[in-house]
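Given next are the chains, with one letter for each unit.
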Amino acid sequence: MTKALERITYVEDDQDIRAIAELALGALGGYQLDLCENGKVALERVPVFHPDLILLDVMMPVMDGTETLRTLKSTPELADIPVVFMTAKAQRHEVQGYKESGAVDVIAKPFDPTDLPARVMRIWELHGRDHQIGETMS
Amino acid sequence: MVYSNSRKEYRRSISTPFLIIAVGLVLATSILVGFWQIWKNDETNIAHEDERLNFVLQRVMKDLSTVVEDTARNVVMLAGTPPIQGILTARRNNSVAEIARIEEAIWKDRLAQIFLSLGESNRNLLQVRLIGLDGKEAIRVNRIGETVVRASPKELQDKSQHAYVQQTLGTARGKIKYFGIDYNREHGEIEEPRVFVMRVATMAFGKDDEPLGIIVINIDMSRVIAKMMGTVRAPKQFLLINEKGTYLTMPERNASAATIQARLQVFKSRYPDLAARLDKGWRGGDNETVRVRNQSFIARIGQMRFDWSDPSHYLLAVTMTPMKELLAQNQEMQRQVFLFTALLALIGANVAYMLTRHVVKPLQLLTDAARQLSRGATVDSLKVDGRDRPDEIGVLLRSVYEMASNLEEKQKSMRAILTTAQNPILMISRRGIIHNVNDATEQLFGYSREEMVGQNISMLMNEHDRKHHDSYLQRPSLLGPGKILDGGREVQAVCKDGSTVPIHLAVSKLHIKNELFFTGIMTDLTELKKVDKMKSEFVSTVSHELRTPLTSIKGALGLLRSTSGEALPDSGRKMLDIAYANCERLSVLINDILDMEKIEAGKLTYDFALFDLVAFLAEVIETNRAYAEQAGVSFVFQSLPDPIIIFADRCRLEQVVTNVLSNAVKYSPGGAQVEVSAYVEESKVRIAVRDHGEGIPEDFHDKIFGKFAQADSSDTRTRGGTGLGLAISREIIKAHSGQIEFESAAGEGTTFFITLDIAPEDQSFNRAQPPGFLAEQLEDTRHIA
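Read on for an overview of the structure. Not measured: the values here are computed from a predicted model.

This part is about the overall build of chain B. Each helix and strand counted, chain B has 19 helices and 24 strands in total. Looking at chain B as a whole, 43% of its 785 residues qualify as buried. Put simply, of all contacts in chain B between residues at least 6 apart along the chain, 61% involve residues at least 24 apart. When the accessible area of chain B is evaluated, it comes to approximately 43200 Å², of which 56% is carbon and sulfur surface.

In C-alpha cells form, the structure reads like this:
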C-alpha cells in the first residue's frame, strides 16, 4: 500500500489562483497545503514542510518551475518528492518536455477546481503504483 | 587565313556547282567552236587545195602544150626547108648518076647541117631523122650528151617496120603525126638509159607535091617532166599517164621494170578510186580539168590530146594531195584549239572561283564570327568585312549583326534581372553539376561564382541531403511533363565557412538543347524563422497570460457553483452558469487558436497508433452525451459489431469527432436525435454524423471549413463555438490522408462524413512505423524539420 496523500506544496505566483487552490485542495480536498509564490520560496519551505507532493507552476518570477524542479531533483533529500506541473503551457510537446525533466504529470490550466482534489489523488495513486512496481522490479 | 577553320565542316561548298557549271560551259562552248572551226577549216582547206591543184595542173598542161607545139612547128619547118627540094631536084635532073649522087649528097649534107643546128639550139631534142619512102633512114642526127652528131651512113637503119613510119607514110602535106610520150624503146624493149620520148613526124614534099620521105623529131621529155614535177611541191603529187596507162612520173632511172610495177601497185592500192578513174582513160572534154575527191585524197585530172583527129594518143595529167597530208596541217590547228580550250576553261574556272569567293568569303567570316560569339566573344566579332556591301550579302551580314546585338541587349537585361535578384538562384545539370549562379547565391554561401560553377551541388548540402540528392536527381519522375517539381521545401544550406542557413528551395526544371536542367530559387529563411519563432512565442505567451486569469475566474466560479450555489436565487445561479460556460468557451478558443497556429506553422504533431474505431466512437459519444442532454439532444449510434481497426492519432481524432458532434448538437432543435454511424466502403471507413437542424445555407457551403466561419455571425454568441473547429478538423483529417465532407439542404439537416483508411488486415507492417501513406508524410515532415 502506498502512503496516503496528506501534504501538498503548491507553488504559484498568481495570488488568485493560490486562493482558489487553497479553497479547492484545502477546504474541499482536506489536504494540508503550503502555498509558495515562487520557486525560491518553495525551495526554502519544502525542507521544512515535508510535502508528499509538489504542484508547480511553470512561469513564475524570481525562479520559474523548470528551474525549481531541476534544483529539487539535484537535492538528494528532496529528489524523491513527486512534482506535478500546473501550467497553461500544456501543449503536447511541452508536456513531453516536463515529463522528461522529472515531473510525474501535468495538470493544464485552466483547471476545474471542483475536480482538482480527485485529479491530484488519481495522479498520486498512479505514481505510487508505478513507484512500487519500480521498487519491486529493482 | 581567318576563315580556314569553318571550311572543313560543310560537305560541299556553294562554289563547287558554280565552278563545275562555269568550267563545263566554257569547255563545251570552246570545244564546239573549236571543232566547228576545224571542220570549216577542213572544207576551206580542201577548196583552196583544189584551186591550187587546178592552177598547177593548168600550168603543167600549158607547158606541155608549148613543147608539143614547138616540136610540131620544127617538124613543119624542117619539112619545108630548101634541101628537101634540092634532094628531089638532084635526083630528077641529073641523068648522070654520079653527079646526081654528089648533088644529092650535098643537099643531104645541108639538110643534116640544119638538123644539127636545130639539135644544138634545143637541148631536149634527141634525134632528128629523114626517112625515105622505102622506110630507111636517109639522115639522122643523134644527141650524145651535150653534143649532136650526124650518124654515119653505116649507122642508118631500116625503120620500115616501125608503126610510126608506116602510119606517117602516105599522109598528106601538112599532116602532123603525134605518137604520144613513152619510154624510149628499141625493138619493143625499154632502152637504157631510160628516157621519155615524144615523137612527132610529118611527110616532106617537094614543090610539085613530090614526096621525099618523113621528117621525124624525137624530143626527150624527161627534163620537161622533171621540171613540171619540180613545180609541184609536196605534199602534192603529180602524175602523168599516157594512153598506154604508163605512169610517166616515176622515172627512176635505175629501177627495174618490176620495181616500177610494184610501186604502181602500191599507188593503186593506196588510191584505188583514183587509179580506177585513171584506168578508164580518155573521157572527152579536152583541156578541162575534173575534180576527184574522197576521204583519202583530192585530185584534179586534166586531159590533153596532141591531134584532134587522132584519139589514140593522149595524156592524163593529175595533181593530187592526200587528205592525210591536208589533215596533218589541221592536227596542228586541233592542238591549238585544244590548248585554247584548256586556257579558256582555266580562265572560266578562275573567274567562277573569284565570283563565288566574293559570295562565300563573307559567309565563312560570318560563320567563324558566329562561332566565336557562341564561345563567349562580344557581338563586335560579328562586324565582319563586307557589311557595307550594297548587295544581298551586305543585307545578310547587317541583319545578323543587328539580330545578335538585339539578342545581346535582351540577354543583358535578363542577366541583370538574375544578377540583381534578391533570391539566390542557381542552375544545375541532371548530374548535379552547377552551371550558373547569381550574385545573391555568392553572398548566401560565401563562395565565388568560379568556386561553385563546375562543382557538384552537394558541396552546398549537409550530410543528410547529400546522401539522397544524387539518387533523387536520377528519378524517372523528373523527366515527366510540368516545370515545377514541387512547391518547394525547407533545407539547410551549408556555407563556405561551415555554417548552415535554413533556406526554402523551389526547384523548376527546364530543357536546353534536349538536356535537362534544374533551376533552384532559394529564400533565406533565417529572418523568417526568427519572426516565426517570435510569433509562436507570442501566441504561447499570450495564451498563457490569458489562461492565468481565466484559471482564477473559472476556478472561482466553479467553486462558487459547487459550494454556495444552493444558497443563490435562481436568477443568480443562472448568471453563474452563463459565466462558467463562457469561461469554458474561452478555454476552448485559446486551445483552438494554439492548434491553428501550430497547423499553420506545420508544427502540429501526431501520435499514430492502431485502435478500434467502433469502440472509439462509442467512447466519444459517451463523453459528449452529458453535453447533448443539456441541450435536449440524444445520440443514436449505429455500427457493425465487428471492430474496424484504423491507424490514427486518437486524441486528434477525438478532437475532430467531438467538434462534429458538438456542432450537430448545437444546430439540432430540442428533442431531436443526432445519428452517428460508421460503415465500411472497400478499404475505407466512413463516419457519418447526421443532425436534423436547419441545414447549412447554400451560400455558406464554400466557407464552412474556413477560419472563424459561422453561417450567422450572431451564432457566435447564441450557439457558442470559436469558428475554428472545422478548419482544425479538416487539417487533422488531411494529415490522416482522409476526407471530411458534408451534405446539407436548408431545413433538412446536415450530415458530416469523415472518411479514413482502414489499417491493412494482415497487419504486416511494423507497428512502430506508420504505414505507406503516413511513412511518406512523415518522411516529408522529417525533411522539413
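Turning to the overall build of chain A, a few remarks are in order. For chain A, the count of helices and strands is five helices and five strands. Counting helices and strands in the order they occur from the N terminus, chain A gives β-α-β-α-β-α-β-α-β-α. Going through the 138 residues of chain A one by one, you find that 49% of them count as buried. Within chain A, residue pairs in contact and separated by at least 24 positions form 60% of the contacts whose partners lie at least 6 positions apart. For chain A, the computed accessible surface area is about 6700 Å², with 52% contributed by carbon and sulfur atoms.

A separate point is the nonpolar core. All names here are of chain B. With 53 residues, the main nonpolar core has Phe115, Leu130, Met198, Ile215 and Met221 as its most contacted residues. With eleven residues, the single largest contributor to this core is helix H1 (residues 15-79). Other than its neighbours up to four places away in sequence, Leu130 contacts Ile87, Leu111, Phe115, Lys136, Glu137, Ala138, Ile139, Leu212, Ile214 and Ile215. Membership of the second largest hydrophobic core comes to 44 residues, among which are Val660, Leu661, Phe700 and Phe742.

Of the residues lining the interface, 23 residues belong to chain B; the matching set on chain A comes to 21 residues. For chain B, the biggest contributors to the area lost against chain A are His544, Thr551 and Leu559 of chain B; these three give 32% of the whole. Where chain B packs against chain A, one counts zero salt bridges. Inspection of the chain B/chain A interface yields one residue pair in polar contact (both at pLDDT 80 or more).

What follows deals with the environment of Asp50 of chain B. Residues and elements named next belong to chain B. Assignment of secondary structure puts Asp50 in helix H1. With 250 residues separating them along the chain, Asp50 and Arg300 place their C-alpha atoms 7.2 Å apart. In contact with Asp50, other than residues within four places in its own chain, are Arg291, Ile298, Ala299 and Arg300.

This next bit is on helix H14 (residues 570-601) of chain B. Given a rise of 1.5 Å per residue, 32 residues ought to cover 46 Å, and the 47 Å separating the end C-alpha atoms of H14 of chain B matches this to within 8%. Taken together, the buried positions of H14 of chain B are occupied by Leu576, Tyr580, Cys583, Ser587, Ile590, Asp592, Leu594, Asp595, Met596, Glu597, Lys598 and Ile599 of chain B. Buried residues in H14 of chain B make contact with helix H4 (92-100) of chain A together with helix H13 (526-563), helix H16 (650-666) and helix H18 (725-735) of chain B. Gly602 of chain B occupies a position one or two residues after H14 of chain B and carries a positive phi of about 70°.

Attention now moves to the packing of H1 of chain B against helix H5 (residues 222-231) of chain B. All names here are of chain B. The geometry of H1 relative to H5 is characterised by a closest axis approach of 10 Å and an angle of 165° between their N-to-C directions. The angle between H1 and H5 falls in the class roughly antiparallel. Crossing of H1 over H5 shows right-handed handedness. Facing Arg59, Val60, Asp63, Leu64 and Val67 of H1, the residues of H5 in contact are Val224, Met228 and Thr231. Residues that form the contact of H1 with H5 fall into these classes: five nonpolar, one polar and two charged.

Next up on the list: the sheet that holds strand S11 (residues 297-305) of chain B. All names here are of chain B. Read across the sheet, four strands follow the order S9-S12-S11-S10 without closing on themselves; strand pairing throughout is antiparallel. Each edge of the open sheet is held by one strand with a lone partner, namely strand S9 (237-242) and strand S10 (289-293). For this sheet, the mean inter-axis angle between neighbouring strands, taken without regard to orientation, is 20°. Relative to S11, S10 runs antiparallel, the two being bridged by five bridges. Its bridge partner lying in S11, Val290 is registered against Ile301. Each of S9, S10, S11 and strand S12 (314-322) is contacted by H1, which is oriented at about 20° to S11, the strand it contacts most. Across the sheet, helix H7 (residues 272-279) touches S9, S10, S11 and S12, and the angle it forms with S11 is around 15°.

Our next topic: the pairing of strand S1 (residues 7-11) of chain A. All names here are of chain A. Burial analysis of S1 places four of its five residues in the buried class, the great majority of the element. As paired elements, S1 and strand S2 (residues 32-36) share five bridges and run parallel to each other. When the bridges of S2 are listed, Tyr10 appears paired with Leu35.

In the segment running from Lys109 of chain A into Pro110 of chain A, the intervening peptide bond is cis, with an omega of -5°. Mapped onto the secondary structure, Pro110 of chain A falls in the loop between strand S5 (105-108) and helix H5 (116-137). The residue Asn514 of chain B is not glycine, and still its phi comes out positive at about 70°. As for its placement among the helices and strands, Asn514 of chain B is situated in the loop between strand S16 (500-512) and strand S17 (515-524). On the accessibility criterion, Asn514 of chain B (79% relative accessible area) is exposed. Positive phi outside glycine occurs at Glu682 of chain B, with the angle close to 55°. Its location among the elements puts Glu682 of chain B in the loop between strand S21 (673-681) and strand S22 (684-690). Its relative accessible area of 80% is what places Glu682 of chain B among the exposed residues.

So, about the packing of aromatic side chains. All names here are of chain B. Considering all chains together, one arrives at eight aromatic pairs over all chains under this definition. A ring pair is formed by Phe608 and Phe647, whose centres lie 5.7 Å apart and whose planes are at 15°; its orientation type is stacked. Taken together, the residues Phe608 in strand S18 (residues 608-612) and Phe647 in strand S20 (residues 645-649) connect sequence positions 39 residues apart. On the basis of relative accessibility, which here comes to 15%, the residue Phe608 falls in the buried class. Measuring from centroid to centroid gives 5.6 Å for Phe742 and Phe752, while their planes differ by 35°, and the two rings are tilted.

We now examine the side chain of Lys109 of chain A. Along the chain, Lys109 of chain A falls in the loop between S5 and H5. Among the residues examined, Lys109 of chain A registers a relative accessible area of 3% and is labelled buried. In terms of polar contacts, Lys109 of chain A uses its side chain to reach the side chain of Asp57 of chain A, at 3.0 Å. When sequence neighbours within four positions are dropped, the list of residues in contact with Lys109 of chain A reads Tyr10, Glu12, Ile17, Asp57, Met86, Thr87 and Ala88 of chain A together with Arg547 and Thr551 of chain B.

Turning our attention to the environment of Asp220 of chain B. Residues and elements named next belong to chain B. Its place among the elements puts Asp220 in strand S8 (residues 211-220). Residues Asp220 and Arg123 lie 97 residues apart in sequence; the distance between their C-alpha atoms is 8.6 Å. Among all residues touching Asp220, those that are not within four sequence positions of it are Asn124, Leu126, Val195 and Phe196. Among the polar contacts listed, one links the side chain of Asp220 to the backbone nitrogen of Ser222, at a separation of 2.8 Å.

Rules behind the numbers
- Residues numbered from 1 in each chain as written.
- Chains lettered and ligands numbered in written order.
- Predicted model: local features only at pLDDT ≥ 70, side-chain atom pairs only at ≥ 80, totals over all residues.
- Heavy atoms only, no water.
- Helix = DSSP H or I, 4+ residues; strand = E, 2+ residues; numbered from the N terminus.
- Buried < 20%, exposed > 50% of the residue type's maximum accessible area, 1.4 Å probe, protein only.
- Contact = heavy atoms within 4.5 Å.
- Areas by Shrake-Rupley, 256 points an atom, 1.4 Å probe, with all protein chains shown as cover.
- Core = buried A, V, L, I, M, F, W, Y, C linked by side-chain atoms within 4.5 Å.
- Buried area = accessible area lost by both parts, 1.4 Å probe.
- Salt bridge = Lys/Arg side-chain N within 4 Å of Asp/Glu carboxyl O.
- Polar contact = N/O pair within 3.5 Å; in protein donor to acceptor, adjacent residues only side chain to side chain.
- Expected span 1.5 Å × (residues − 1).
- Axes fitted to C-alpha atoms, helices over the stretch in contact; angles between N-to-C directions.
- Parallel < 35°, antiparallel > 145°, perpendicular 65-115°, else oblique.
- Left-handed = near helix turned anticlockwise from the far one by under 90°.
- Nonpolar A, V, L, I, M, F, W, Y, C, P; charged D, E, K, R; others polar.
- Pairing = 2+ DSSP bridges.
- Phe/Tyr/Trp six-rings, centres within 6.5 Å; stacked < 30°, edge-to-face > 60°.

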